[in-house]
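Remarks on the overall topology
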Amino acid sequence: NKMNRLLLTGAAGGLGKVLRERLKPYANVLRLSDIASLAPATGANEETVPCDLSDKAAVHALVEGCDAIVHLGGVSVERPFEEILEANIKGVFHIYEAARRHGVKRVVFASSNHVIGFYKQSEHIDAHAARRPDGYYGLSKSFGEDVAQFYFDRWGIETVSIRIGSSFPEPANRRMMSTWLSYRDLTSLIEKSLFTPDVKHTVVYGMSNNREVWWDNSAAAHLGFVAQDSSEVFRDKVEQQPPVAPTDPNAIYQGGAFTAQGPFGD
Ligand code: NAI
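Let us look at the structure shown here. Note that the coordinates shown come from a computational prediction; the quantities given were computed from them, not determined experimentally. (Residues numbered from 1 in each chain as written. Predicted model: local features only at pLDDT ≥ 70, side-chain atom pairs only at ≥ 80, totals over all residues. Heavy atoms only, no water.)

**Here's the deal with the state of the cysteines**
Scanning the model with the defined rule gives 0 disulfides in all. In this structure Cys-51 is a free cysteine whose sulfur lies 11 Å from that of Cys-66, the closest cysteine sulfur available. Cys-51 sits in the buried class, given a relative accessible area of 7%. On the accessibility criterion, Cys-66 (5% relative accessible area) is buried. (Disulfide = S-S within 2.5 Å. Buried < 20%, exposed > 50% of the residue type's maximum accessible area, 1.4 Å probe, protein only.)

Below is the structure:
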């Protein structure tokens, strides 16, 4: 499983830095992009291309010559709408328009659990459950999934939208015991998302093999993703934290605290 040139957006971010190392085996050249500064390219297998995703012409130049795109770039937390609009909403549109124009046939889109954040933690859902975004950020990811579906239906560009739970070195709190996605499992899921044939637009929940989960990935079984890790090994550590009040959004909603942000200013 190896392609010629793979574009990684958001390469200066938390997951981008991890994937910069871990995606190397899957491409002859990894093209790394971000609006933030990137560590210089090392060797012939990396190239860095600074780019603001809200700049259409810049994104078109960025995408030209790539065989596939792992799209992580954008605002990754809840922020005022105008910031989300530029980076995430215009950004994802520019990525797909550029993919169409330059013949890119596969995108892996970093979606989020915040597209379904207003489901309760007591509810169990699969990829076909109606979306319930929990803020502007979640709305932008929901839009991104719609863009992915449209560009498949209209132009045959395939996408795997990964609704990432919480991908950090360790689960940081009780909610993340359910949502945690290890870096190893993230990498494996992206590999499956890049190379599985005929994925159309597939939505998959990005979570490890955790004990108590809210999401059912049977609709994405064709990806062949089997999580290797589990948050369970961190349970004792996480449970040393004080208990979460039952009225706290972190104890109620799948999206946790994101469900209770804003308003921003006016
Ligand atoms: P991050 O915030 O560390 O990285 C995002 C990167 O996008 C940053 O380096 C930032 O400079 C870049 N960016 C922001 N605006 C930009 C613009 N206008 N043009 C170009 N680049 C821009 O986020 P992280 O944790 O690495 O997440 C990566 C992706 O995965 C994001 O799309 C995020 O929404 C998504 N995700 C991550 C989760 C996690 O647990 N880490 C959970 C759910 C989704």
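Additional details are given in the paragraphs that follow.
**A word on the pairing of strand E1 (residues 3–9)**
Of all 7 residues in E1, 6 are buried; the element is thus mostly enclosed. Pairing geometry for E1 and strand E2 (residues 27–33), over 6 bridges, is parallel. Bridge pairing links Thr-9 to Ser-33 in E2. As a crossover connection, the stretch from E1 through helix H1 (residues 14–22) into E2 is right-handed. (Helix = DSSP H or I, 4+ residues; strand = E, 2+ residues; numbered from the N terminus. Pairing = 2+ DSSP bridges. Right-handed = clockwise from strand over helix to strand, strands pointing away.)

**Description of the pattern of salt bridges**
Here the structure, examined in full by the defined rule, presents 19 salt bridges. Close ionic contact of Lys-200 with Asp-198 constitutes a salt bridge, the shortest N to O distance being 3.3 Å. Between Glu-239 and Arg-235 there is a salt bridge whose closest N-O contact spans 2.9 Å. On the accessibility criterion, Glu-239 (40% relative accessible area) is partly exposed. Under the relative-accessibility criterion, Arg-235 is labelled buried at 13%. Through salt bridges with shared partners, a single ionic network connects Arg-211, Glu-212, Glu-232, Arg-235 and Glu-239. (Salt bridge = Lys/Arg side-chain N within 4 Å of Asp/Glu carboxyl O.)

**Some details on the site of the ligand**
The environment of the ligand is formed by 26 residues, the closest being Leu-15, Asp-34, Ser-76, Tyr-137 and Ser-167. Between the ligand and Ile-35 there is a distance of 3.4 Å, counted from a nitrogen atom to a backbone nitrogen or oxygen. Surface burial for the ligand is 85%, taken as the share of its 820 Å² of free accessible area covered by protein chains. Of all elements in the fold, only H1, strand E5 (106–112) and helix H4 (136–155) reach the threshold of two or more residues within the shell around the ligand. The element that contributes the greatest number of residues to the shell around the ligand is E5, accounting for 3 residues. In terms of residue class, the shell around the ligand is made up of 12 nonpolar, 11 polar and 3 charged. (Near = heavy atom within 4 Å. Polar contact = N/O pair within 3.5 Å; in protein donor to acceptor, adjacent residues only side chain to side chain. Areas by Shrake-Rupley, 256 points an atom, 1.4 Å probe, with all protein chains shown as cover. Nonpolar A, V, L, I, M, F, W, Y, C, P; charged D, E, K, R; others polar.)

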